[in-house]
Amino acid sequence: MKSNQTTLCYIEKDGKYLMMHRVKKENDINRDKWVGVGGHFEADESPEECLLREVKEETGLTLKSWRFRGIITFICDKQQTEYMFLYTADSFSGELTECEEGNLEWIEKTDVYRLPIWEGDKIFFKMIEENHPFFSLKLKYDNDMLVEKSLNGKSF
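Cut-off values and rules
Residues numbered from 1 in each chain as written. Predicted model: local features only at pLDDT ≥ 70, side-chain atom pairs only at ≥ 80, totals over all residues. Heavy atoms only, no water. 1 Å grid on protein atoms, 1.4 Å probe; cavity = no way out; pocket = protein on both sides within 12 Å on 5 of 7 lines; lining within 4 Å. Points joined across faces, edges and corners; volume = space filled by probe spheres on them. Helix = DSSP H or I, 4+ residues; strand = E, 2+ residues; numbered from the N terminus. Nonpolar A, V, L, I, M, F, W, Y, C, P; charged D, E, K, R; others polar. Buried < 20%, exposed > 50% of the residue type's maximum accessible area, 1.4 Å probe, protein only. Pairing = 2+ DSSP bridges. Salt bridge = Lys/Arg side-chain N within 4 Å of Asp/Glu carboxyl O.

Draft legend 1. Quick peek at the layout of surface pockets. Computed from the structure, the largest pocket encloses a volume of approximately 530 Å³. If you go around the largest pocket, you meet 28 residues; those closest to its centre are R22, I29, N30, H40 and E82. Put simply, the parts of the chain that give the lining of the largest pocket at least two residues each are β1 (4-13), α1 (47-59), β5 (79-93) and α2 (119-129). Residue contributions to the lining of the largest pocket peak at 4 residues, all from β1. Of the residues that constitute the lining of the largest pocket, the class distribution is 8 nonpolar, 10 polar and 10 charged.

Here it is in structure tokens:
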């Protein structure tokens, strides 16, 4: 099965993350969940080119400062394996626009854990909060349940 490369970005402002409530697309693996912004690489794009393009397309914002935090190997029984290049961003310009994939909202960082998010997202949110160095996180799901997880090649 062919793999799939994407970017995922959590834009930070005033103790909040910009998140997307995925409610607008049919047959969406993230349907009804809250996620960051980002998407699939286009031909010949670097991770940063994909990040900047996807953020602009989905939010109308132009990133000015971002940080590559880690790579997430997302394995799910409902789709092909996805390799997500995880970023945070703390400076941007422009005005927030509507997104055709979901509703964008600034969410208090402390409230994120109470939202319907992927179980594994709680792991990388904690790592971001604790300012962990660059990491590789592998998450395997069966029927939306996290069944396997490893950090930098070690199960936990």
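Read on, since the account is not over.
Draft legend 2. Molecular detail of the pairing of strand β7 (residues 135-142). Only one face of β7 is buried: it carries F135, L137, L139 and Y141, and the other face, with S136, K138, K140 and D142, is open. Sheet topology note: the β7/strand β8 (residues 145-151) ladder contains 6 bridges and is antiparallel. Counted as the bridge partner of L139 is K149 from β8. Hairpin connection from β7 to β8: 2 residues lie between these consecutive antiparallel strands, with N143 at a positive phi of about 50°.

Draft legend 3. Structural context of the pattern of salt bridges. What the rule picks out here adds up to 12 salt bridges. For R53, the salt bridge is made with E45, and the minimal N-O distance between the two is 2.6 Å. As far as burial versus exposure is concerned, R53 and E45 are alike and both buried. A salt bridge links R53 to E54; the nearest nitrogen and oxygen atoms lie 3.1 Å apart. One exposure class covers both R53 and E54, and it is buried. Each of E42, E45, R53, E54 and E57 takes part in salt bridges that share partners, so that together they form one network.

Taken by themselves, the reported measurements are silent on function.
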